[in-house]
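Residues per chain are reported as follows:
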Amino acid sequence: MDLNQLYFDHQISLMEAAQSLTCDLQHQHEFAASLIAGRIGCIQRALNAPAAPRWELLAIPYQADLTTRSLGLRA
């Protein structure tokens, strides 16, 4: 996996979230960014990179959103 591509995809997702016209679209893009951040964190953890915990923290806020959406609930 190319970390540079993941960094790029993460930034694009954040920019799309910022420009979203609806809350649902914003949440979708934020959730995508969260998933990408988690992947980056996992790869960095495997490489013993010092930044790994910060990327993993970026993934945490949206994990609760996944649970509520999978249950059909609104946050």
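For the structure itself, consult the block above.
### Description of the nonpolar core
Thought 1: Membership of the largest hydrophobic core is limited to six residues, which are Leu3, Leu6, Ile36, Ala37, Ile40 and Trp55.
Thought 2: Listing elements by their share of this core, those giving two or more residues are α1 (3-18) and α2 (23-46).
Thought 3: The biggest single contributor to this core is α2, with three residues.
Thought 4: Leaving out residues up to four positions away in the same chain, Ile40 has contacts with Leu3, Leu6, Tyr7, His10 and Trp55.

### Focus: the environment of His10
Thought 1: Structurally, His10 can be placed in helix α1.
Thought 2: For His10, a relative accessible area of 6% translates into the label buried.
Thought 3: Taking C-alpha positions, His10 is 8.8 Å from Leu35, a pair spaced 25 residues apart along the chain.
Thought 4: Among residues more than four places away in sequence, those in contact with His10 are Ala33, Ile36, Ala37, Ile40, Trp55 and Leu58.

### A look at the environment of Glu16
Thought 1: Note on placement: Glu16 falls in helix α1.
Thought 2: Glu16 gets classed as partly exposed once you look at its relative accessible area, which sits at 36%.
Thought 3: In this structure, the C-alpha to C-alpha distance between Glu16 and His29, residues 13 residues apart in sequence, is 6.3 Å.

### What about the side chain of Gln44?
Thought 1: Its place among the elements puts Gln44 in helix α2.
Thought 2: If near-sequence neighbours (up to four positions away) are discounted, Gln44 is found in contact with Tyr7, Ala49, Ala51, Ala52 and Trp55.

### Here we look at the pattern of salt bridges
Thought 1: The final tally for this structure, using the stated rule, is one salt bridge.
Thought 2: Linking Arg45 and Glu56 is a salt bridge whose minimum nitrogen-to-oxygen distance equals 2.5 Å. Note that Arg45 is positioned in helix α2 and Glu56 in helix α3 (residues 52-59), a separation of eleven residues in sequence.
Thought 3: With a relative accessible area of 24%, Glu56 lands in the partly exposed category.

Parameters and conventions
- Residues numbered from 1 in each chain as written.
- Predicted model: local features only at pLDDT ≥ 70, side-chain atom pairs only at ≥ 80, totals over all residues.
- Heavy atoms only, no water.
- Core = buried A, V, L, I, M, F, W, Y, C linked by side-chain atoms within 4.5 Å.
- Buried < 20%, exposed > 50% of the residue type's maximum accessible area, 1.4 Å probe, protein only.
- Helix = DSSP H or I, 4+ residues; strand = E, 2+ residues; numbered from the N terminus.
- Contact = heavy atoms within 4.5 Å.
- Salt bridge = Lys/Arg side-chain N within 4 Å of Asp/Glu carboxyl O.

Remember that the coordinates give geometry; whether it matters functionally is a separate question.
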